[in-house]
Amino acid sequence: MKLPEAANFIEQIINEELEAGKFESRGNKLQVRFPPEPNGYPHIGHVKAMCINFGVKEKYGAKLNLRMDDTNPAKEDYEYVNSIIDAIKWLGFEYDKLVFASDYYDRLYEIAEKYIKDGVAYVCDLSAAEITATRGTLTEAGTPSPYRERSAEENLKLFREMKAGVYPDGAKVLRAKIDMSSPNLNMRDPVIYRIAHVTHYRTGDKWCIYPMYDFAHPVSDAIEGITHSLCSLEFENHRPLYNWFVEKAGFPEPRPRQIEFARLNISNTLMSKRYLKKLVDEGVVRGWDDPRMPTIAGIKNRGVPPEALKKFCADVGVAKAYSVVNQAQLDSCIRDELNADAERAMAVINPLKLTITNYSGEEELLFDKNPAKENCGVRNIKFTGSVYIDKDDFSLNPPPKYKRLQKGGTVRLKGAYIVRCDEVKLDKNGEAEELLCTYFPETRSGSTAESQIKAKGVIQWVDAKYGVDAEFRQYESLLTDEKYPDQDYAERINYNSEKCFKGKAEPYLYESENGKAFQLMRTGYYKKSQDGGLLLSEIVSLKDNFNK
RNA sequence: UGGGGUGUCGCCAAGCGGUAAGGCACGGGAUUUUGAUUCCCGCAUUCGUAGGUUCAAAUCCUGCCACCCCAGCCA
């Protein structure tokens, strides 16, 4: 994986350190980590973090640990660690080691005792509410805890009792003794350990005290010999604390360095594990891998190739400015990959019978599997003169510049013949029910014969006898009740499959920037999903319209 | 009103004192049996803003302005 080009600011930092000889003591070997918390399925935002970290690995020949940041047993589970591993594999990334923060619980505990012995940590009996109340505000200093000056001996005794399960949840915490009047609230004696009598998915009931992120993360980095700890912007304020914990733990130079970058946001796309989990829990979607979800599993189920996601991240770049990338940018990457890769097929969503009155018998027509690729091979499609076309490809009241079929007009059935619509049978609602057409033998696809007959448009079709019915999965909009607004023909879709389809489908719905819903279908190239549904190329948007 | 960050085309984003890359989107044209693809061409005299330094500034200095993050015993 190429590091996104725009990750220049990270590379600059690393290059400068390298030049200054910061890592000579370790043979200039760098080490990074990808540290998700296994509390949900990874989403496309994680892909960016992966691309950055795996990009550094690639560029500098660094080692990369996949580390499950599992320090909050209440939320974590193996299901999620598996989802993370699956996602990484699917994307084609390779990590050097799989590690767990929970692997370090013993070591972390020892370091906490060291803090106590060194007089930089203390056991505090204040309640959570009291700690909040004494932390001060953005403009006022906090007030020191009355337990702040306990002796090392007493602290050690108390802390060991906490570990032994003597106290109930919330009764005591271990706190770092830093500076209650620091302008950086994170430095106002943050909690290092809390009591939680919760079964951990890996360590079971061995522990009833669990380390906090602010402590566990930097120390885990140091334990692993991480040189660069890349994380998102919201941790900038934590960096002094990060450094404090590593330094007080006594790790020698070179110590890990935290570098922050802006996380990924995509327009109209919900990118918060918390809300995604809510959708799953409330049954709004079928699961974390529902194709409407922006999770990697969901995107995969929509037929998006992993390369498209990587290209997207590379295109979008890495910087520190808060940003929201247009979905169109992602769509473009997906189209790009599928165009080069996906085999083509014809599909009809809303069938309209088209009968050629002067055709008899049947024949086989050849189609390139993928015109965008050389030596893509061909597929044969049978043609009997009786086909279905899409209702959208015929108009009783054609607008100006209409290129498809209308009464008395001509159109080319893709890969077959030009046909002229002679007669339109209407149903009782006045809608077209069947088209009776004449075909022109000399216009057969590939024929070099001259013909006076021309057609402006080319439409897809499915043979009435040999076409295959396909099960189209229908999705309800997650966004709004407004369905089926006007759709331009340019939004026509091409499905990809070995076979032809006919059938019906309700398209995805999508929320536009003006809040109106429109169909998700676009011209493009689509792959078939693993569960047989047809896939569309867009990230479905989830409107943030439920209670928070 | 404390601290930490960020502001370059509609959306991302390069740029690091020498006279504004690229992608997406968009517009125009050519080819085309997918209104797709491909292919050309166009798209910031200007870098949040006001000053200053300099032969020369998006890049350095100063003052403003805007937005984001921080008061979980979440990560």
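Residues numbered from 1 in each chain as written. Chains lettered and ligands numbered in written order. Predicted model: local features only at pLDDT ≥ 70, side-chain atom pairs only at ≥ 80, totals over all residues. Heavy atoms only, no water.

Broken down by element type, chain A carries 12 helices and 25 strands. Counting over 548 residues, chain A shows a buried share of 54%. At a minimum sequence separation of 6, the contacts of chain A that also span at least 24 residues come to 73%. On chain A, roughly 24700 Å² of surface is accessible, and the fraction owed to carbon and sulfur atoms is 46%. (Helix = DSSP H or I, 4+ residues; strand = E, 2+ residues; numbered from the N terminus. Buried < 20%, exposed > 50% of the residue type's maximum accessible area, 1.4 Å probe, protein only. Contact = heavy atoms within 4.5 Å. Areas by Shrake-Rupley, 256 points an atom, 1.4 Å probe, with all protein chains shown as cover.)

The next thing to look at is the confidence of the model for chain A. On average, residues of chain A carry a pLDDT of 83, and 83% of them reach 70 or more. Low confidence marks residues 471-548, where pLDDT is under 50. Its contacts with residues over four positions away, or in another chain, come to 232 contacts. Two summary scores accompany this predicted model of the complex, namely pTM at 0.87 and ipTM at 0.97. (pLDDT = per-residue confidence, 0-100.)

A few words on helix α7 (residues 213-224). End to end, α7 covers 16 Å across 12 residues, agreeing with the expected 16 Å (1.5 Å per residue, within 8%). Counting buried positions over the 12 residues of α7 gives 10, a clear majority of the element. Buried residues of α7: D214, F215, A216, H217, P218, V219, S220, D221, A222 and E224, and no others. Taken from the residues just after α7, G225 is the one with a positive phi, measuring 75°. (Expected span 1.5 Å × (residues − 1).)

The next thing to look at is the side chain of S229. Tracing the backbone through its elements, the reader meets S229 in strand β8 (residues 228-232). Among the polar contacts made by the side chain of S229, one reaches the side chain of D221 at a distance of 2.6 Å. The contact partners of S229, leaving out residues within four places of it in the chain, are R33, H217, D221, Y242, R257, Q258 and I259. (Polar contact = N/O pair within 3.5 Å; in protein donor to acceptor, adjacent residues only side chain to side chain.)

Quick look at the sheet that holds strand β17 (residues 410-413) now. Pairing in this open sheet of seven strands is mixed, and the strands run β20-β17-β18-β19-β11-β14-β21 from one edge to the other. Strands at the two margins of the open sheet, each flanked by one partner only, are β20 (458-459) and β21 (462-463). Pairing between strand β11 (residues 351-356) and strand β19 (residues 432-439): four bridges, direction parallel. Within the sheet, the bridge partner assigned to L354 lies in β19 and is L435. (Pairing = 2+ DSSP bridges.)

Below, the discussion takes up the sheet that holds strand β7 (residues 209-211). One open sheet holds the four strands; their spatial order is β4-β5-β6-β7, and the pairing between them is antiparallel. Each having just a single partner strand, β4 (121-124) and β7 make up the two edges of the open sheet. Across the sheet, the mean angle separating the axes of adjacent strands is 20° when strand polarity is ignored. For strand β5 (residues 173-176) and strand β6 (residues 191-195), the ladder comprises three bridges, and the chain directions are antiparallel. Each bridged residue has a counterpart across the sheet, and for L174 the counterpart in β6 is Y193. Its contacts with the sheet put helix α4 (residues 105-117) on β4, β5, β6 and β7, and the angle it makes with β6 is roughly 120°. (Axes fitted to C-alpha atoms, helices over the stretch in contact; angles between N-to-C directions.)

A few words now on unusual backbone geometry. Trans is the common state for peptide bonds, and a negative phi is the common state for residues other than glycine. Looking along the chain, the bond that leaves E253 and enters P254 is cis, with omega of -5°. Along the chain, P254 falls in the loop between α8 (239-248) and β9 (257-261). Residues other than glycine seldom take positive phi values, yet N28 does so here, at roughly 55°. You can see N28 is positioned in the loop between α1 (8-19) and β1 (31-34). Note on N28: relative accessible area 36%, which makes it partly exposed. Non-glycine residue D189 carries a positive phi angle of around 45°. Its location among the elements puts D189 in the loop between β5 and β6.

Attention now moves to the environment of K29. Inspection of the secondary structure puts K29 in the loop between α1 and β1. Taking C-alpha positions, K29 is 8.1 Å from Y60, a pair spaced 31 residues apart along the chain. Apart from residues lying up to four places away in sequence, K29 is in contact with F23 and T227.

Let us now look at the pairing of β4. Remember that side chains alternate between the two faces of the sheet whenever the strand is regular. Burial of β4 is two-sided: the residues A121 and V123 facing one way and the residues Y122 and C124 facing the other way are all buried. Where β4 lies against β5, four bridges are found, and the strand directions are antiparallel. Opposite C124, over in β5, you have V173 as the bridge partner.

Moving on to the environment of Y115. Summarising the element assignment, Y115 is placed in helix α4. Separated by 60 residues in the primary sequence, Y115 and R175 have C-alpha atoms spaced 9.7 Å apart. Residues in contact with Y115, not counting those within four places in the same chain, are V120, A121, I192, F215, V219, F245, K248 and A249.

Turning our attention to the pairing of strand β18 (residues 418-426). Here β17 runs beside β18; their pairing, made up of three bridges, is antiparallel. Along β18, the bridge assignment pairs R412 with I418. Turn length for the β17-β18 hairpin, with the two strands adjacent in sequence and antiparallel, is four residues, and the turn residue G415 shows positive phi of about 80°. Direction of pairing for β18 relative to β19: antiparallel, over a ladder of seven bridges. Each residue of the ladder has a partner; that of V419, found in β19, is Y439. Counting the residues between successive antiparallel strands, the hairpin from β18 to β19 contains five residues, one of them, G430, with a positive phi of roughly 80°.

Evaluated as defined, the whole model comprises 24 aromatic pairs. Here Y193 and F215 contribute two aromatic rings whose centre-to-centre distance is 5.7 Å and whose plane-to-plane angle is 55°, an arrangement assigned as tilted. Pair noted here: Y193 is in strand β6 and F215 is in helix α7, with a separation of 22 residues, a long-range link. The class for Y193 is buried, based on a relative accessible area of 1%. We classify F215 as buried; its relative accessible area is 0%. (Phe/Tyr/Trp six-rings, centres within 6.5 Å; stacked < 30°, edge-to-face > 60°.)

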